[in-house]
Amino acid sequence: QVQLVESGGGLVQAGGSLRLSCAASGRTFSSYAMGWFRQAPGKEREFVAAISWSGGNTYYADSVKGRFTISRDNAKNTVYLQMNSLKPEDTAVYYCAADDKLRTVVAGTLNALDAWGQGTLVTVSS
């Protein structure tokens with residue numbers, strides 16, 4: 001099992017940027033597809049972005065496409081989410097997740113994913 005720890009959340013003004021990091025330990029990180037999800041107050045957790053084990057394939061929710069970029073550094077066992085042009089509606093707790101099947105991450109099948117981090121709060125002020 002892989003263990004995940006997110007960091008990089010905080011308070012930012014609308015139009016600003018943040019970069020989230022998710023550090024992994026445990027089983028071989030490079031064998032996992034990785035994803036970012038978010039949960040806003042009173043809402044269900046939703047898919048944000050996913051990346052294949054090699055980094056060669058990425059997927060995004062329509063709401064963040066063109067503003068967010070997911071990447072990974074397998075040498076550092078870390079996945080990143082660069083968030084630009086942030087909007088107040090991006091305010092949420094952001095979670096990273098891992099699974100050995102990319103399709104599970106992209107599908108956002110929450111209860112099927114192998115591992116979750118504890119989350120990091122992103123607050124975007126207007």
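Up top you'll find the structure we're talking about.
Residues numbered from 1 in each chain as written. Predicted model: local features only at pLDDT ≥ 70, side-chain atom pairs only at ≥ 80, totals over all residues. Heavy atoms only, no water.

### Some details on the state of the cysteines
Item 1. Evaluation of the coordinates by the stated rule reveals one disulfide.
Item 2. Two residues, Cys22 and Cys96, share a disulfide whose sulfurs are 2.0 Å apart. Disulfide Cys22 to Cys96: torsion about the S-S bond roughly 50 degrees, handedness right-handed. With Cys22 in strand E3 (residues 18–26) and Cys96 in strand E9 (residues 92–99), this residue pair connects regions lying 74 residues apart in the sequence.
Item 3. With a relative accessible area of 0%, Cys22 lands in the buried category.
Item 4. For Cys96, a relative accessible area of 0% gives the class buried. (Disulfide = S-S within 2.5 Å. Helix = DSSP H or I, 4+ residues; strand = E, 2+ residues; numbered from the N terminus. Buried < 20%, exposed > 50% of the residue type's maximum accessible area, 1.4 Å probe, protein only.)

### Concerning the sheet that holds strand E1 (residues 2–7)
Item 1. Here four strands make up an open sheet; going across it, the order is E1-E3-E8-E7 and the pairing antiparallel. Two strands lie at the open edges of the sheet, namely E1 and strand E7 (68–73), each paired on one side alone. Along the sheet, successive strands turn relative to each other by an average axial angle of 20 degrees, direction set aside.
Item 2. Alignment of E1 against E3, held across six bridges, turns out to be antiparallel. In the strand pairing of E3, Leu4 is matched with Ala24. (Pairing = 2+ DSSP bridges. Axes fitted to C-alpha atoms, helices over the stretch in contact; angles between N-to-C directions.)

### Looking at the environment of Ala49
Item 1. Position of Ala49 relative to the elements: it lies in strand E5 (residues 46–51).
Item 2. Note: C-alpha distance between Ala49 and Val64 (15 residues apart in sequence) is 8.4 Å.
Item 3. For Ala49, the contacting residues outside a window of four places in its chain are Met34, Gly35, Trp36, Tyr59, Tyr60, Ile70 and Leu81. (Contact = heavy atoms within 4.5 Å.)

### Quick look at the nonpolar core
Item 1. Among the nonpolar cores identified, the biggest contains 38 residues, and Leu4, Met34, Trp36, Leu81, Met83 and Tyr94 are the most heavily contacted of them.
Item 2. Secondary structure elements with two or more residues in this core: E1, E3, strand E4 (33–39), E5, E7, strand E8 (78–83), E9 and strand E11 (120–125).
Item 3. In this view, Leu81 contacts Leu18, Arg19, Leu20, Trp36, Val48, Ala49, Phe68, Thr69, Ile70 and Tyr94; residues no more than four positions away in its chain are not counted. (Core = buried A, V, L, I, M, F, W, Y, C linked by side-chain atoms within 4.5 Å.)

### Here we look at the pattern of salt bridges
Item 1. All told, the structure shown has five salt bridges when counted by the stated rule.
Item 2. As a salt-bridge pair, Arg67 and Asp90 come within 2.7 Å of each other at their nearest N and O atoms. Remark: Asp90 occurs in the loop between E8 and E9 and Arg67 occurs in the loop between strand E6 (58–60) and E7; sequence separation between them is 23 residues.
Item 3. By relative accessible area, which is 0% here, Asp90 ends up buried. (Salt bridge = Lys/Arg side-chain N within 4 Å of Asp/Glu carboxyl O.)

Limitation: the analysis is restricted to geometry and does not speak to function.
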